[in-house]
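The residues making up each chain are set out below.
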Amino acid sequence: MYLYDEFDERLVRERVAQFASQVERRLSGALTEDEFRPLRLKNGLYLQLHSYMLRVAIPYGALNARQLRQLGFIADVHDRGYGHFTTRTNLQFHWARLKDVPTVLGLLADAGMHCIQTSGNCIRNVTADPFAGVAFDEIEDPRPVAELIRQWSSLHPEFEWLARKFKIAVSGAAQDRTVMKSHDLGVRIVRDAASGEIGYRILVGGGLGRSPMEAQILRDFLPRQDLLAYLEAALRVYNLAGRRDNKWKARIKFLVHDIGVEAFRAQVEDEFARIDKAKTNARPAEEARIAAFFAAPPYENLPGVSRKLERSIARDEELARFVEHNLTRHKRKGYAALTISLKPVGGIPGDISSDQMRVVADLAEQYSFDEARVTYAQNLVLPHVRLGDVPHIFARLKEQGLASANVGLITDIVSCPGLDYCGLATARSIPIAQALAQTFADPARQKDIGELSIKISGCINACGHHHVGAIGILGLEKKGAESYQFTLGGDPGDSYALGELLGPGLPAEKVPEAVERLVAVYLARRQPDETFIETTRRLGLAPFKTAFKEIADAVA
Amino acid sequence: MAAAKRPELPAILVANDLREGEVVFATLEGWTRDPRRALVVQDERAAEALRDFGAKEFLRARVVDPQLVAIENAEGAPRPRHYREALRALGPSVRPDLGKQADFPL
Ligand code: HEM
Ligand code: SF4
């Protein structure tokens, strides 16, 4: 994992000191709220419904034990004993106190963390495949590139005040696991079929929010040495041409949509031709320095099957379920990537207590070469565990309520904080997730239903990714009450799709019944081995709409 | 989020404490964290005065986002009419152990 060098360390410390002075001036009244707001946002500090919220960057979702323990310490001493992992693979503390934030930023810096660029109109935290470096289908580990982009984009003077926020995803595997097509810019590591050379496919113009759009290909193949020059060119075109008169039309997706991807590409290529590449691109020595941090850990030579695990599975049904749903194939024989679900039935999606953070830290340290990852589905991953260690890890997770065997299943629900915390929300989202998880809690039923993603947002901003949920739920206000709109058929992966509206909004108490009806259509009409999303694609919206209408009509 | 020009009445004044971020309510003696002690205004002139107080306190860097919030008089404490403000006066509905609901049980 990447560790700060002197330069990173100094940059972060200077920023802490700078923000401490800004807070002091705000508290004394020397700075007005209007002056202070953009400064605090640049440091990830929001004002939400009940309190300030501090958003900590987890660069490309990678954490080590020390960082997890430090987050746990901050949660205990400066917050309310827990944190919330988001779809952007960041961690939010929901009860921050302005006067303490400089201290917290200092504590984060002690563990090589910060909140820089987790908000505001700048290049945000880079997201990457949570199985980076271990995925069986990987062409190349995306983390060195993600780290390079993190360094390039951190406090980049030209891109400090873009027209709007800017989100970048990086993936190096055959299958996308980053929701890349919902990002402003995507960097996909690809192998050129003709030459066998590795380079990048660049995507542009994705985004969710009130006008969701799918990213399009900007450059099919970019030679690897030109990455930063090309990104610089793309950002420069956006920085100059992106709309600044209307916040709701300011994301790069609108620019690409308005002028067309061909015209946008032409401008980027023009700029790219002019850029001094030698000066802008990373030096090979620097790339090598970064890459060295991500060298494979000292794996053991293990057999592909663990007798110990097999024996334990035969004795323990729960463990068997856990292994079936929470392990992902590793490139290395005898190892697996283990997903820790933060979706216990009845819990709050993405929430983690300080005790749980410490247990995950211990497990990462003991069993996964001191690494943990955060996924966009608000879960954690221990990326390299020996198969034989899984029974023990499972037992430790179980003690902490972290052993839910539901990854990818109907109770693995993504949800933004919604109106329980968020000042922008139009409705609550967490209680909807809880009610649905309870409805479908039975493990046998979950298994029968199989892979199905429900994603919930508490307003049109779509932080809960509802547009790309197989079932998407959006909380709105209708006649002074919370109301929930359903979309069907969204897909965050390579068969990317935005969900389509099923009908009018429903009150909260009707949501579980509505999902039951949709699931019933699937169960009745699926073909052998067909997942929910595949059935919706084959059948189209109509049968689901009919089922949904019965409930909507009953409400009306 | 913008407060209506003419507030519905009765109303209370709600804000976030600048230093702590916590939700606070205006009283005759300043601010309180306790929703049960919030000053309830019944007429427009009193509402105006409360609004002015909020604006001044904002300029004095004591609170952020002061807003008049329409309430109904319920047992024990004024209850905001809109569900958003009601949640704000109580705390997260999914964590009854946190927020006002935990500190100031009705
Ligand atoms: C104070 C809390 C938050 C605020 C003020 C906020 C604000 C916003 C806004 C305004 C948008 C729409 C952007 C646009 O369309 O231009 C948005 C989108 C988004 N936010 Fe948040 N959000 C908050 C919390 C979160 C949380 C908790 C998550 C993760 C669970 C998150 C992840 C995202 C994602 C994934 C999108 C959609 C992707 C995109 O189009 O960028 N945000 N947010
Ligand atoms: S989707 Fe809306 S309610 Fe949910 S976190 Fe984002 S801004 Fe808040």
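Residues numbered from 1 in each chain as written. Chains lettered and ligands numbered in written order. Predicted model: local features only at pLDDT ≥ 70, side-chain atom pairs only at ≥ 80, totals over all residues. Heavy atoms only, no water.

Student: Looking at this structure, how should I read the overall build of chain B?
Tutor: Scanning chain B from terminus to terminus reveals three helices and five strands. For chain B, the sequential pattern of α-helices and β-strands runs β-β-β-α-β-β-α-α. Radius of gyration (C-alpha) of chain B: 13 Å, near the 13 Å computed for a compact globule of 106 residues. In terms of its C-alpha atoms, chain B occupies a principal-axis envelope of roughly 35 × 30 × 25 Å. Counting over 106 residues, chain B shows a buried share of 50%. Long-range pairs, those at least 24 residues apart, make up 56% of the contacts in chain B between residues at least 6 apart in sequence. (Helix = DSSP H or I, 4+ residues; strand = E, 2+ residues; numbered from the N terminus. Rg over C-alpha atoms; globule rule 2.2 N^0.38 Å. Buried < 20%, exposed > 50% of the residue type's maximum accessible area, 1.4 Å probe, protein only. Contact = heavy atoms within 4.5 Å.)

Student: Would you explain the sheet that holds strand E1 (residues 11-17) of chain B in this entry?
Tutor: Note: strands within a sheet are paired through backbone hydrogen bonds, in either parallel or antiparallel orientation. All names here are of chain B. Spatial ordering of the open sheet is given by E3-E2-E1-E4-E5, a layout of five strands whose pairing is antiparallel. Each edge of the open sheet carries a strand with a single partner, namely strand E3 (30-32) and strand E5 (78-80). Here the strands of the sheet are splayed against their neighbours by 50 degrees on average, with no regard to which way each runs. Two elements, strand E2 (residues 23-27) and E3, share three bridges in a ladder whose sense is antiparallel. Bridge pairing in E3 links Ala26 to Trp31. (Pairing = 2+ DSSP bridges. Axes fitted to C-alpha atoms, helices over the stretch in contact; angles between N-to-C directions.)

Student: Explain the domain arrangement of chain A here, please?
Tutor: It is common to give the size of an interface as the accessible area that goes away when the parts come together. Residue and element names in this part refer to chain A. Here chain A is partitioned into domain 1 (6-110), domain 2 (134-292), domain 3 (307-399) and domain 4 (414-555). On a C-alpha basis, the centroid separation for the pair domain 3 and domain 4 is 27 Å. The interface of domain 3 with domain 4 comprises twelve residues on the first partner and 13 residues on the second. Taken over both partners, the interface formed by domain 3 and domain 4 buries close to 1000 Å², and the fraction arising from carbon and sulfur atoms is 62%. The tally of links between domain 3 and domain 4 comes to one salt bridge. (Domains from an automatic or database assignment. Buried area = accessible area lost by both parts, 1.4 Å probe. Salt bridge = Lys/Arg side-chain N within 4 Å of Asp/Glu carboxyl O.)

Student: Just checking my understanding: could you explain the packing of aromatic side chains for this structure?
Tutor: Two aromatic rings, taken as a pair, are described by how far apart their centres are and by the angle between their planes. Residues and elements named next belong to chain A. Tallied over the entire structure, the rule returns 14 aromatic pairs over all chains. The interplanar angle of 65 degrees and the centroid separation of 6.2 Å between the aromatic rings of Tyr60 and Phe294 together place this pair among those described as edge-to-face. One end of the pair, Tyr60, is in the loop between strand E2 (52-56) and strand E3 (62-63); the other, Phe294, is in the loop between helix H10 (284-292) and helix H11 (307-315), and 234 residues separate them in sequence. For the pair formed by Tyr60 and Phe294, the shared burial category is buried. The interplanar angle of 65 degrees and the centroid separation of 5.5 Å between the aromatic rings of Tyr522 and Phe532 together place this pair among those described as edge-to-face. (Phe/Tyr/Trp six-rings, centres within 6.5 Å; stacked < 30°, edge-to-face > 60°.)

Student: Explain the site of ligand 2 here, please?
Tutor: Residues in contact with ligand 2, as listed here, are Cys416, Pro417, Gly418, Cys422, Leu424, Ala425, Ser457, Gly458, Cys459, Asn461, Ala462 and Cys463 of chain A. Within the shell around ligand 2, the residues separate by chemical class into eight nonpolar, four polar and no charged. (Near = heavy atom within 4 Å. Nonpolar A, V, L, I, M, F, W, Y, C, P; charged D, E, K, R; others polar.)

Student: I tried to follow the coordination of the iron atom of ligand 1 on my own but got confused; where do I start?
Tutor: A four-donor tetrahedral metal ideally has 109.5 degree angles, and a six-donor octahedral metal ideally has angles of 90 or 180 degrees. A lone protein donor binds the iron atom of ligand 1: Cys463 of chain A (SG), at 2.2 Å. The topology assignment puts Cys463 of chain A in the loop between strand E17 (454-457) and strand E18 (471-478). (Donors = N, O, S within 2.8 Å, 3.2 Å for Na, K, Ca; no water.)

Student: Any chance you could explain a positive patch on the surface here in plain terms?
Tutor: A cluster of basic residues, Arg307, Lys308, Arg311 and Arg315 of chain A, forms a positive patch at the surface. Examined against the element boundaries, Lys308 of chain A turns out to sit in helix H11. (Patch = residues over 30% accessible without salt bridge, like charges linked within 9 Å, V, L, I, M, F, W, Y side chains within 5 Å. Areas by Shrake-Rupley, 256 points an atom, 1.4 Å probe, with all protein chains shown as cover. Lys, Arg positive; Asp, Glu negative; His and termini not counted. Charge placed at Lys NZ, Arg CZ, Asp CG, Glu CD.)

Student: Mind showing me how you'd approach unusual backbone geometry here?
Tutor: Glycine aside, residues mostly have negative phi angles, and peptide bonds mostly take the trans form. Residues Leu9 of chain B and Pro10 of chain B are joined by a peptide bond in cis, for which omega reads -10 degrees. If you trace the backbone, Pro10 of chain B turns up in the segment before E1.

Student: Could you clarify how one ought to interpret the pattern of salt bridges in this entry?
Tutor: Oppositely charged side chains can form a pair if their charged atoms are brought close together. Residues and elements named next belong to chain A. Overall, the coordinates contain 60 salt bridges over all chains when judged by the stated rule. Its salt-bridge partner being Arg236, residue Glu158 comes within 2.7 Å of it at the nearest N-O pair. Taken together, the residues span a long stretch of sequence, with Glu158 in the loop between helix H5 (143-153) and strand E7 (168-171) and Arg236 in helix H6 (residues 227-241) at a distance of 78 residues. The salt bridge involving Arg251 is made with Asp184; its shortest N-O contact spans 3.0 Å.

Student: For this particular structure, what's the right way to read the nonpolar core?
Tutor: Here is a general trend for soluble globular proteins: nonpolar side chains tend to be buried in one another's company. Residue and element names in this part refer to chain A. Core analysis: the biggest nonpolar cluster contains 65 residues, and Leu71, Leu108, Leu338, Val360, Leu382 and Leu397 have the highest contact counts within it. Per-element accounting of this core gives the leading share, seven residues, to helix H13 (residues 354-367). Each of domain 1 (6-110) and domain 3 (307-399) gives at least three residues to this core. If sequence neighbours within four positions are ignored, Val360 has contacts with Leu68, Ile340, Ile352, Ala372, Leu380, Leu382 and Leu402. (Core = buried A, V, L, I, M, F, W, Y, C linked by side-chain atoms within 4.5 Å.)

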